[in-house]
Structure formats: structure tokens, C-alpha cells
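# Residue-level structure breakdown
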Amino acid sequence: MTPHPRRLELSPRTERRVAALFLGLLLTAKMLYVFACRVDSDETQHLHVVWAWANGLLPYRDLFDNHSPLFQFLCSPLLRAFGERPDIVMAMRWVVIPLYFLCLWCVYRCGTIIFSRRLALWAAILTGAYPTFFTKSTEFRTDDLWAPLWLLSIMALVKRPLQPRSAFLAGLALGASFATSMKTSALAAAILMAAAVLLGQRMIRRSPVEWKRLLICLTALLAGMTILPAIVVASFAWKGALPNLYYGVIEHNLVPGLFRVDVSKRAGLLVIPIALAVVGGYFTVTRATGTASRNRLAFIALTSAALSLIFGFYWPIIEPHDLLPLVPLAFLSAVPALSELLKPDTGYSGRGLSTLVLPLVAGAEIIALVIVSPPRLHALDETTALISDVLTLTEKEEYVMDAKGEDVFRRRAFYHALEGVTLERIRLGLIEDNIPERLIATRAPVATILRTPPRARQFIEQNYIPVANQVRVLGQMLGRDDQEFGKSREFQIAIPEEYMLVAERGNLEAVLDGTPWQGPRYLSVGRHRVEASSGGGRVALVLARAIQKGFSPFSPKAKDVAKGDLY
């Protein structure tokens, strides 16, 4: 008798242990990356809005935001509990870790409904280890809630059989998703496209369609979907801020000609999800057994493909975090296909090479994660230092000028955040660059030149002086930075405040506006003259409180933007 050839495969028990090892590795890596993942400007922008909610301000009316409000509103009690602390980015990243694992649980539950617990577990692991999904779900952003809400709606839709109750729950999750991000419109369109294809296929094949049941489920879906958005709209209408909500969430983001065809970027982000969806779709058509499983797999694959097409060819701006709801569907589509294709053709009922390939793919993903987004020892230091400096230099009620809210705990003198859409609107003349006027009106003591349009940048460079990394305070260098001060100098004050004169070397003796300089002095708007008789090097006029709190325009840390601009 010819001996049966030894197969390369893992036993069920060993495979479960390997899967548990990967889940533990993902948990460990997630906790590490809370400290070691670079800060994205979206994180501090969202935190600034959360801070506004926590302090009784109403977003859209009292300060700018261009995202739906649910995520920031829900996070506000937690930020209030943490308080105004420089390491707030790290603290709030811990909050979103459960949402990451909720996504993986949703993938697992969808997988158990459609195919098997074993493959569902690997679909969850492969989703969690995918580098873009892992890093972007580590950052504090609205998409952390958006993705699991989307997956909860998918999970309700693939339950068998689909009942009005499940459709209502799916709609409720979709409605919450809309209240979290208006990008849900792309997700809803993908669901409609997938459902239309499947329905059209049944009609072509003359398969029976339960129109009455389908209509009832659709009604239940729409009813559930309207609840949370209606509550949000009613709440802002009650506060008289409905036009503000409409502008921030919808109108602001609709800019003529905003669509940017960056083929290399879009292809780099979408090629793998599209490939996985195609593999899953091919398997569904050719190899899947059982009508119910085939239909649900086809729904997942078609939704994934439709969403990829929407993001690839229609969506104005595509960013890596937009893939958070797409990656899980792609792996749900592909994992059963990969497992089926690697099974032995005959003589064996189960698992084959997929028991090795799936763990190897997960391992390759983790290696790619470390290569593409390596953990950084001081990833949070710069942001923490910036927030700390601003908290030290300002009072709670004061305004500052930052780009997108990176100062977190202070209101911005200019209403709009200087993000991509705002800058495009300024370029098109749809938003007025009145930043200089707003700085004067609010007497903002701190500003940055990051992302500022030319007119605002020129004003800030003339009236604010660097004293720390990315932090400028009211003041100016009296003369060129590379020259000695010289005998005397006239200068212009645009924002009245208490200022100090400081010399780069030695003790400064000077006469300011005809009066001997003896310490901090309130300077009004207009021209002033200073004559120095002692003190070496350059002379600077600086916001008095900055000098009193240990900041200096002559410090090596006094620079506008760190190398490798984070924002």
C-alpha cells in the first residue's frame, strides 16, 4: 500500500493557538503604537472639537468643524475627565483601542454568519494586521467610530434570513454612521449598488423575489437610518445653529473642482482591497456552495468592489483613513476564496495549505507594518511640547492662531481650520483671508505660520516672534536676525500688549519712546522708537509673559516648524 503523503498543514488545535498568538501580538502592538505612532494633524483637530464640547461651546457655531458631531460629542466626557494636559493625544488614543477590537469582532461575526468560525477568525486577524487599518485605527479620529458602525450595519444585513428587525438595526447603525461621518454616503451608495446587482441577477434568472418582504425590510432600514441624524438636526435647530451645522458638515466640503486625480496615490491605497474583492467575487461565482452563503459572499464582495470604485473614481479626496471601512470587507471577501483554492482537490474534506498560508499572510502584514510605519521612540514629544508651551503661555479665555487645532485647548482667532478644503476655498476667493484682522480683534498672544496663506503669514512674521518649536508670541526682532542691533530702531505695534526688550548677550540698557527702559511695558498701537546703549548681539521685543516664564527668542528651540512637518 502506498503511504499517504504527509501534508503541510496545522492541526486544528495548533492553528487556534497560532491565531491566539496573533491576537495577543496585535493587542501588544496596539498598546505600543499608542506611544510610538506619529501624530496626524487630524487627531488634534478632532481633540480641539472634543474640548469645545467639553467646555460648553457649540461646534459649527462657536468654532469650526467639518465632520459630523457624534464621535466628538461622545468623547467629550472622557476629555473633561482627563483635563487639560499636554499628553492628551496619548490619553485619548487609549479610548479608541476598544473600537479597533470591536471592528475585529464585527468581522468575525460576519464571517461566522457567512462561512465558518475558523475562517472568520483569520479574516479578523488579517484585517487587524493590515498596516493601513492598524495605524489609522490607532490615531484618534472620527473614523475609529465610523468603521465599527458601518460593520455593525453589514453584520445586520448578512444575518439569515434578513428580517425587518435586522434591517432596522442595520439602518440604526448606518444612521449613527452618518452622524459620525458624512462619508457614509459613499458606504450607503456601495450597499445600494451591490443590492441592485444581486436583485438584477435574480430577475434575469427569473428567480422568485419576495417583493413585499423586501419593501418592508427597506422601510425598516430607512426608518432606523433617520433616527440619529434627525436627533442631531433637531438639537442644532433648537439651539438656532442649524445653518452652521449645514455649512460645516455639507456646504464647506462641496468645492467646485476639488476632485484630485492622483493616480499613484489612489492606486497605492486601493489596489489591494480591489484585488481582494475581485478574488472573493470570482470565488463566489465559481466555487461557493449553498445559495445563502453565495448570496451573502457576493453581497460583501460587490459592496467592497463598489466602495473601491467610488473612492477611486468619484470621491474628491482619498486618504489612508478612508480605507477603515473597506479593508474588513475586502478580507471577508477573499479569505474563504483563498482557503478554498488551497484545499486539496480530492481525498480530504478540510483545510490544506490554507492553515499555513493564512498565518504566513498575517505575519507578512505585521512585518510590513513595522517597515512602513516603524514605532518611533519620541513620536508624541513634539506635539506634547507644543501643547505644553501654549498652556504655559496663554490663559483659558484667550485666543491663539493655529492651523487645525493643534493647540487643542485654546480657541482659534480665525474661524476656519486651515485644512485642505479651507485652503482651496481661500484660493478660490470663497473664504476671505481676514486672519490679520482676527488676530488684532482677539489680541491673540500666540500664533504659528503653519499652513497660513500669504497675507496672514506676512502679518504673523512681522508681529510674532518664535520662542519655541512651532510657537510664536507677540514680538519682533528689531533688525535683521544676523546683525547687531546698532544704535536705534523704529518699530510698529499692531497688537497692544505688555512687552519686554531683551538682548542676545549681556544686560540691556535702552531708552524706549524717550523714557529709560526699566522692565515690562504696555505698548499701544502705533510707531515706537528704541535706543540701546548697552547689551550685545541682537535685540528683540517680546511678549513680557513669555520672557517671565523662561522662553527666549534666542533659544535654539525658537523655530517655526520642526524638520519633517507633522502638520
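Refer to the structure above for everything that follows.
## A few points about the environment of Ser 137
For Ser 137, the location among the structural elements is in helix α6 (residues 131-138). Residues Ser 137 and Leu 99, spaced 38 residues apart in sequence, show a C-alpha to C-alpha distance of 8.2 Å. Residues contacting Ser 137, with those up to four places away along its chain left out, are Lys 30, Val 96, Tyr 100, Asp 144 and Leu 324. In this structure the side chain of Ser 137 is engaged in a polar contact, spanning 2.7 Å, whose partner is the backbone oxygen of Phe 133. A polar atom in the side chain of Ser 137 sits 3.0 Å from the backbone oxygen of Phe 134.

## Observations concerning the environment of Arg 538
Along the polypeptide, Arg 538 turns up in strand β10 (residues 526-543). The class for Arg 538 is buried, based on a relative accessible area of 17%. Remark: the alpha-carbon pair of Arg 538 and Glu 504, spanning 34 residues in sequence, is separated by 5.2 Å.

## Considering the side chain of Glu 497
Relative to the helices and strands, Glu 497 resides in strand β7 (residues 497-512). On the accessibility criterion, Glu 497 (14% relative accessible area) is buried. At 3.3 Å, the side chain of Glu 497 forms a polar contact with the side chain of Arg 545. Those residues in contact with Glu 497, other than ones at most four positions away along the chain, are Leu 474, Arg 521, Tyr 522, Leu 523, Leu 543 and Arg 545.

## Quick notes on the pairing of strand β4 (residues 464-468)
Most of β4 sits inside the fold, with five of its five residues counted as buried. In this antiparallel pair of consecutive strands, β4 and strand β5 (residues 471-477), the connection spans two residues, and Gln 470 shows a positive phi of 70°.

Reading the values: the criteria
- Residues numbered from 1 in each chain as written.
- Predicted model: local features only at pLDDT ≥ 70, side-chain atom pairs only at ≥ 80, totals over all residues.
- Heavy atoms only, no water.
- Helix = DSSP H or I, 4+ residues; strand = E, 2+ residues; numbered from the N terminus.
- Contact = heavy atoms within 4.5 Å.
- Polar contact = N/O pair within 3.5 Å; in protein donor to acceptor, adjacent residues only side chain to side chain.
- Buried < 20%, exposed > 50% of the residue type's maximum accessible area, 1.4 Å probe, protein only.
- Pairing = 2+ DSSP bridges.

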